[in-house]
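# Fold and geometry: a report
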Amino acid sequence: MSALLTLDLLARRFGGVMAVDALSMQVEDGEIRGLIGPNGAGKTTTLDLISGLIPPTSGRMALEQTNVTGEPAHRLAKRGIRRTFQNLKLFAELTVLQNVMIGLHAQGTSGVLQAIMATGKQRREEQMMVGESLAALETVGLAGQAGRAASALAYGHRRLLEIARAIVARPILLLLDEPAAGLNASETETLVGLIRRINAQGVTVLLVEHHMDVIMASCSRITVLNYGQKLAEGTPLEIRSNESVIAAYLGRPGFEERIASAYA
Amino acid sequence: MSTSQFPAGYLWAARVTVLAICIVVPVVYPQRYVVHILGLAIIFAIAALALQLLLGFAGLLSIGQAAFLGIGAYTSAILTTTYRVPFELGFIAAGLVAGFASLTLVPITRLRGVYLAVATLGFTIIVHLVLLNEEWLTGGSFGMLNITWPSLGPWSLKGETPTYYFCLAVLIASFVTLHRLIPSRFGRALQAIMLDEDAARASGIDLTYYKSQAFVVAAVITGFAGSLFAHHSQYLNPNDFTFWKSIEILLMVAVGGIGSLAGAVSGAFVVTLLPEFLRSADEYRMIIFGTMLIIFMGLGQRGLAGLFSVAAMRLVALLERAGAVPARRSKRQ
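Residues numbered from 1 in each chain as written. Chains lettered and ligands numbered in written order. Predicted model: local features only at pLDDT ≥ 70, side-chain atom pairs only at ≥ 80, totals over all residues.

The next point concerns the interface of chain B and chain A. Facing the 23 residues of chain B at the interface are 28 residues of chain A. The biggest single contributor to the side of chain B that touches chain A is helix H8 (residues 185–195) of chain B, with seven residues. (Contact = placed C-beta atoms within 7 Å. Helix = DSSP H or I, 4+ residues; strand = E, 2+ residues; numbered from the N terminus.)

A word on the sheet that holds strand E5 (residues 66–67) of chain A. All names here are of chain A. Sheet architecture is open: four strands sit in the order E2-E1-E4-E5, paired in antiparallel fashion. Of all the strands in the sheet, the pair left with one neighbour each is strand E2 (17–28) and E5. For strand E4 (residues 58–63) and E5, the ladder comprises two bridges, and the chain directions are antiparallel. In the sheet register, Ala 62 faces E5, and the bridge partner there is Asn 67. (Pairing = 2+ DSSP bridges.)

Strands belonging to one sheet form pairs held by backbone hydrogen bonds; the direction of such a pair is parallel or antiparallel. Residue and element names in this part refer to chain A. Spatial strand order, E6-E7-E8-E3-E9-E10: six strands in an open sheet with mixed pairing. In the strand order of this sheet, the two ends are held by strand E6 (81–83) and strand E10 (229–234), each with one partner. The mean inter-strand angle of the sheet, taken between neighbouring strand axes irrespective of direction, is 20°. As paired elements, strand E3 (residues 32–36) and strand E8 (residues 204–208) share four bridges and run parallel to each other. By the bridge assignment, Leu 35 is partnered in E8 with Val 208. Here helix H1 (residues 43–50) sits on the sheet and contacts E3, E6, strand E7 (173–177), E8 and strand E9 (221–226); the angle it forms with E7, its principal contact strand, is near 150°. (Axes fitted to C-alpha atoms, helices over the stretch in contact; angles between N-to-C directions.)

Take the pairing of E4(A) next. Residues and elements named next belong to chain A. Relative to E4, strand E1 (residues 3–14) runs antiparallel, the two sharing five bridges. Residue Ala 11 lies in a different strand from E4, and its bridge partner there is Ser 58. A loop of two residues connects E4 with E5, the two strands running antiparallel in sequence, and Glu 64 in this loop sits at a positive phi of about 50°.

All names here are of chain A. A large share of E7 lies buried, amounting to five of its five residues. Where burial is concerned, the two faces of E7 agree: the one with Leu 173, Leu 175 and Asp 177 and the one with Leu 174 and Leu 176 are both buried. Here three bridges tie E6 to E7, and the two strands are oriented parallel to one another. Along E7, the bridge assignment pairs Arg 83 with Leu 175. Relative to E8, E7 runs parallel, the two being bridged by five bridges. (Buried ≥ 20, exposed ≤ 12 C-beta atoms within 10 Å, placed from the backbone.)

So, about the packing of helix H2 (residues 32–57) of chain B against helix H11 (residues 243–256) of chain B. Residues and elements named next belong to chain B. Across the interface, H2 lies against H11 with an axial gap of 9 Å and an inter-helix angle of 70°. When the axis of H2 is compared with that of H11, the two are roughly perpendicular. Residue-level contacts link Phe 44, Ala 47, Ala 48, Leu 51, Gln 52, Leu 55 and Gly 56 of H2 to Ile 249, Leu 250, Met 252, Val 253 and Gly 256 of H11. Of the residues in the contact of H2 with H11, the class split is nine nonpolar, three polar and no charged. (Parallel < 35°, antiparallel > 145°, perpendicular 65-115°, else oblique. Nonpolar A, V, L, I, M, F, W, Y, C, P; charged D, E, K, R; others polar.)

Another point: the domain arrangement of chain A. Residues and elements named next belong to chain A. Along its sequence, chain A is carved into domain 1 (1–78 + 173–179 + 207–255) and domain 2 (81–170). Its C-alpha centre places domain 1 at a distance of 27 Å from the equivalent point of domain 2. Taken together, the contact between domain 1 and domain 2 spans 15 residues of the former and 11 residues of the latter. When contributions to the side of domain 1 that touches domain 2 are tallied by element, the ones reaching two or more residues are H1, helix H2 (73–79) and E7. It is E7 that contributes the most residues to the side of domain 1 that touches domain 2, five residues altogether. Its residues assigned to classes, the side of domain 1 that touches domain 2 comprises 10 nonpolar, two polar and three charged. (Domains from an automatic or database assignment.)

In this section: unusual backbone geometry. Residues and elements named next belong to chain A. One non-glycine residue, Leu 9, lies in the positive phi region at around 50°. Position of Leu 9 relative to the elements: it lies in strand E1. Phi at Arg 170 takes a positive value of approximately 50°, unusual for a residue other than glycine. Mapped onto the fold, Arg 170 is located in the loop between helix H6 (155–167) and E7.

Written out as structure tokens, the structure reads:
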């Protein structure tokens, strides 16, 4: 295995707060990596840095041993880094199909003049995009909804649509920001299956999630963040028994009961 | 976007009907004044379509469109009058020069909403001052007189009616152009930017590049409209291109309905023709016009296009219930 993504002392400051503080980590090619930590630990900021939505204050980032530090989001997307968002960022007024087709933007080439003249190449490209997008919708189980407005979808389906938009361009690295938030138990189960299937097709996944069962069920390794720094890293088993992780995030079994009895 | 839920067959029927009316009107009402005003409405409809691309499909609020209209008008007028260039070349140059001029806006495409609007407003003011003060080129406040009628190769389009039909042809071409652009890769990128910039960036869309391109496309189309304006009136004055004209073009889009091409065209007709219809009301006409604008806006955000489609849907439903037309299957699930 080789490192697909390497972060080297990556940092991001917001005013006086170090949201991500000298974070170094490697994501191996083909794995599903979990990224966990308490609220405000810097998980989403880390994804924003990796996807290029915000530039780092300092540090380096490499994708497949190529230095990509400070590259803007659209170029990293073209290199194959795609993501979903914690607070769902869909193109609400467009159809489900159009949402996914926008994910294929970097795969196309036709511009204004080709569209005005409706050249054969342009029409073939559109057909290719429709075909690929329907296939991605099929993968996430939304093929029957292609013609509906994205805003008309049920909440769980919107989460799946974001994933379809992110995977349609066959990324090499998929960043998922709390994909299970707001899903019920059966939807969560479907999601875990979907993440595994996507990974089986060769997509490396970096998964931010608060549902520990999702993390434990799908991740081969886990990185734990706290106050923007790396607290621990290891297999699910190692993380579950790591003292500092338990103190900072997981909590001890029976912890709440002891608190309750202390105040009783 | 707003037309998507409407059955295509009825949409085409409506388009063909409107087009037929536009073709027949100069035959039925051949008075010079009527044809002239209708020609003007068509020219502004082209400019409104261009702004609709920016505002309705890219979310870019420009109050700079009069500048591009003026640049196109003066480019065409100067080339054909001072340099005796044939109209066709002047017309094409008008679009190209306006397009190039819009590249100066690239640095401000990162601005949003009101800030972008104010910056483009500044652009209108500067262009107006240039038109007013560079007398050697534009004739200054005196304006430009005796601009030729349009011509196409060996055919002169001398007179109101031939010029009207030429303007109509350019309007149709502009409509078809935008109608093809909006569902294309380019148009989807613009709509993605309008609806969520972060998601657009993360999907591989370069915001600055696409916003700039939207401005260029809109400027080229507005430049063509400017050329038509010059040769249709045969007289230019810098005061035709103050920021008030930019506001008027914005009114057309807002009245017609943001996000609808047909809306932009109908908005241009209303904003151009209504004050003419109200001429009998004399000094009250602008008050009545202003009041009607407020009422139009109050009726709903989607303007005339919204009203039309609601009315048409009701009509179709009524006809279906009466058995006059076969009921279509509901697409809703």
